[in-house]
Amino acid sequence: MTPDRQFPPAAVVCRHLESTSSEDRIPLAAMAGIIATVSVFAVAQGLTYPLLSFILERQGTTPDLIGLSAAMTPLGFIVSAPLVPALARRVGGARLAILCSLLAALTLAAIAWMQGVWAWMPLRFLLGFFANPLYVISETWLMSITPAPRRGRILGLYSSIVSGGFAIGPLSLGLTGTEGWPPFLIGISAFLLCGLIVLAVVPRLPTMPQEGEAISVGGFFARAPLLLFAVFTAAAFEQTLLSLLAVYGAALGSAEARIASLIACFIAGNAVLQILLGGMAEQLGSTRTLLFCALASLAGCLLLPSIFDSWLVWPLVFVWGGVSFGIYTVSLIRLGERFTGQALVAGNAAFAVVWGIGGIVGSPATGLAMQMIGHQGLPSSLGFLCCVLAVCLMAERRRP
């Protein structure tokens, strides 16, 4: 195995991105701007899920209502995703990203102003509606400038840095607490900074791809159903953990600070392990790596109840976070392997729709399971989902 084919850390990946081959050359300034933009956005997104769950838990809201409230953000993803390709063509990807950043900041300010689960329902929907286009646009930009031989490591690096942004969000709650305006001001500032970064790198950003046959978001579902189910699994897993781990931990007597740190550790696993998983996908293939991530996530679900109160929960949650989000990273790699042009734009939008569906179904369904069978409904529900994905992937591998 040559040094370039090993699983390098982020700094080594960045050094390898420059190539003497014009075919493999990557516009590093554009890539840095794209990743920085969505990473800052992720800080605000990562903060809102646990922050609002802590507030609702303190107000005595039931787990099913907390899950339903959390589902409003991915519902916004679903509604906005089919609109993104046309909006990006009409107003331009950069203008749309800047506008969405400003509107998301205003929406979060309204959430801070209006306390209460029912007042937050439409506002959390709008937050998802405005957040989603940025992810669709940035991932399309990134895949359009990424050469195939380096796709796994570059998309792994992208996922790692974005996950780092998510980790900073809940970790900041340990400094600001969960009461009053301070935690909300962090999120509002991050949304505004996102728009400023896009504005600064506009001249270096690629155009949205136009080649190939136009495909609707709905039409893409028939082309890659198992790939989209993998995205659904990753979305349900992550958004359920972010919104309901606070409820799970409270049932076991854990303090808010410990739960917030566990959530940060979960997302830190995302940040550290995605480059390794991207390199693994280049070596072993995306399908085998996807199966590994599904089985490892299932193992974490089975182990969580027995070690939650011990020190072993920290390494478990770290690895669990990496492999569960790795399902999405490897799916993104697979999308870039199979599709280009307008099909790639439609695929990214379809990913956003399915991500939203995963969040809508996962959080309320798991909240209901916790209401019916107790707090262990959390690992049981997520373990079942990972098991179904693993079985489907093994069945696909056996097909001629």
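Residues numbered from 1 in each chain as written. Predicted model: local features only at pLDDT ≥ 70, side-chain atom pairs only at ≥ 80, totals over all residues. Heavy atoms only, no water.

So, the overall build of the chain
Of regular secondary structure, the chain possesses 15 helices and zero strands. Taken over C-alpha atoms, the radius of gyration comes to 20 Å for the chain, in line with the 21 Å a tight globule of 400 residues would show. Long-range contacts, defined as pairs at least 24 residues apart, comprise 86% of the intrachain contacts of the chain with a sequence gap of at least 6. On the chain, roughly 15,400 Å² of surface is accessible, and the fraction owed to carbon and sulfur atoms is 68%. Across the chain, 20 positive and 16 negative side-chain charges occur, with their mean positions spaced 6 Å apart. (Helix = DSSP H or I, 4+ residues; strand = E, 2+ residues; numbered from the N terminus. Rg over C-alpha atoms; globule rule 2.2 N^0.38 Å. Contact = heavy atoms within 4.5 Å. Areas by Shrake-Rupley, 256 points an atom, 1.4 Å probe, with all protein chains shown as cover. Lys, Arg positive; Asp, Glu negative; His and termini not counted. Charge placed at Lys NZ, Arg CZ, Asp CG, Glu CD.)

Looking at the pattern of salt bridges
In this structure the tally under the stated criterion is three salt bridges. Arg153 serves as the salt-bridge partner of Glu282, at 3.0 Å between the closest nitrogen and oxygen. Residue Glu282 is located in helix H11 (residues 256-284), and its partner Arg153 is located in helix H7 (residues 151-176); the two are separated by 129 residues in the primary sequence. Comparing Glu282 with Arg153 shows no difference in burial state: the two are buried. Salt-bridge contacts for Glu337 lead to Arg334; the nearest nitrogen and oxygen are separated by 3.1 Å. With a gap of three residues between them, Glu337 and Arg334 both fall in helix H13 (residues 313-338), about one helical turn apart. Classification of Arg334 by relative accessible area gives partly exposed; the value is 30%. (Salt bridge = Lys/Arg side-chain N within 4 Å of Asp/Glu carboxyl O. Buried < 20%, exposed > 50% of the residue type's maximum accessible area, 1.4 Å probe, protein only.)

Description of helix H8 (residues 182-201)
In a regular helix each residue adds 1.5 Å, so 20 residues correspond to 28 Å; H8 covers 29 Å between its end C-alpha atoms and thus fits that length. Within the sequence span of H8, burial applies to Pro183, Phe184, Gly187, Ile188, Ala190, Phe191, Cys194, Gly195, Ile197, Val198 and Val201. (Expected span 1.5 Å × (residues − 1).)

Quick word on the state of the cysteines
Note on terminology: disulfide describes a covalent bond linking the sulfur atoms of two cysteines. Scanning the model with the defined rule gives zero disulfides in all. You can see Cys301 has no disulfide; the closest cysteine sulfur is in Cys386, sitting 4.9 Å from it. Judged by relative accessible area, which is 4%, Cys301 ranks as buried. Looking at Cys392, it has no disulfide partner, and the nearest cysteine sulfur is the one in Cys387, 9.5 Å off. Judged by relative accessible area, Cys392 falls into the partly exposed class, the value being 32%. (Disulfide = S-S within 2.5 Å.)

Side note on the confidence of the model for the chain
With 90% of its residues at a pLDDT of 70 or more, the chain has an overall mean of 81. Mean pLDDT across the secondary structure elements of the chain bottoms out at helix H1 (residues 10-16), with 44, and peaks at helix H12 (residues 286-307), with 90. Low pLDDT, under 50, characterises residues 1-23; the predicted model gives this stretch 36 contacts beyond four residues in sequence or across chains. (pLDDT = per-residue confidence, 0-100.)

Focus on the packing of H12 against H13
Put simply, H12 and H13 touch, their axes get as near as 8 Å, and they point 155° apart. In terms of axis orientation, H12 runs roughly antiparallel to H13. Crossing of H12 over H13 shows left-handed handedness. Tallied by class, the residues present in the contact of H12 with H13 amount to 15 nonpolar, seven polar and two charged. (Axes fitted to C-alpha atoms, helices over the stretch in contact; angles between N-to-C directions. Parallel < 35°, antiparallel > 145°, perpendicular 65-115°, else oblique. Left-handed = near helix turned anticlockwise from the far one by under 90°. Nonpolar A, V, L, I, M, F, W, Y, C, P; charged D, E, K, R; others polar.)

Side note on a nonpolar patch on the surface
On the surface, a nonpolar cluster with roughly 470 Å² of combined accessible area is contributed by Trp113, Met114, Trp181 and Leu185. Looking at where Met114 falls in the secondary structure, it is placed in the loop between helix H5 (93-113) and helix H6 (117-144). Under the relative-accessibility criterion, Met114 is labelled partly exposed at 38%. (Patch = residues over 30% accessible without salt bridge, like charges linked within 9 Å, V, L, I, M, F, W, Y side chains within 5 Å.)

Notes on the nonpolar core
With 134 residues, the main nonpolar core has Leu245 and Leu335 as its most contacted residues. Once residues lying within four places of it in the same chain are set aside, the contact partners of Leu245 are Thr240, Ile259, Leu262, Ile263, Phe308 and Leu378. (Core = buried A, V, L, I, M, F, W, Y, C linked by side-chain atoms within 4.5 Å.)

Re the side chain of Ser159
Position of Ser159 relative to the elements: it lies in helix H7. Here Ser159 is in contact with Gln274, Phe325 and Thr329, once residues within four sequence places are set aside.

Comments concerning the environment of Ser163
By secondary structure assignment, the location of Ser163 is in helix H7. For Ser163, a relative accessible area of 2% corresponds to the buried category. Each C-alpha atom, one on Ser163 and one on Ser39, is 7.6 Å from the other, the two residues being 124 residues apart in sequence. Not counting the four nearest positions on each side in its chain, Ser163 is found in contact with Ile267, Asn270, Ala271 and Phe325.

What about the packing of aromatic side chains?
If you walk through the whole model with that rule in mind, you get 12 aromatic pairs. Measuring from centroid to centroid gives 6.5 Å for Phe325 and Trp355, while their planes differ by 80°, and the two rings are edge-to-face. On the criterion of sequence distance, the pair formed by Phe325 in helix H13 and Trp355 in helix H14 (residues 341-373) is long-range, its members being 30 residues apart. The class of Phe325 is buried, set by a relative accessible area of 9%. On the basis of relative accessibility, which here comes to 11%, the residue Trp355 falls in the buried class. Through a chain of ring-to-ring contacts, three or more aromatic side chains come together here, namely Phe325, Tyr328, Phe351 and Trp355. Over the ring of Phe308 we find Arg258, and its NZ or CZ is 5.2 Å from the ring centre. (Phe/Tyr/Trp six-rings, centres within 6.5 Å; stacked < 30°, edge-to-face > 60°. Lys NZ or Arg CZ within 6 Å of the ring centre and 35° of its normal.)

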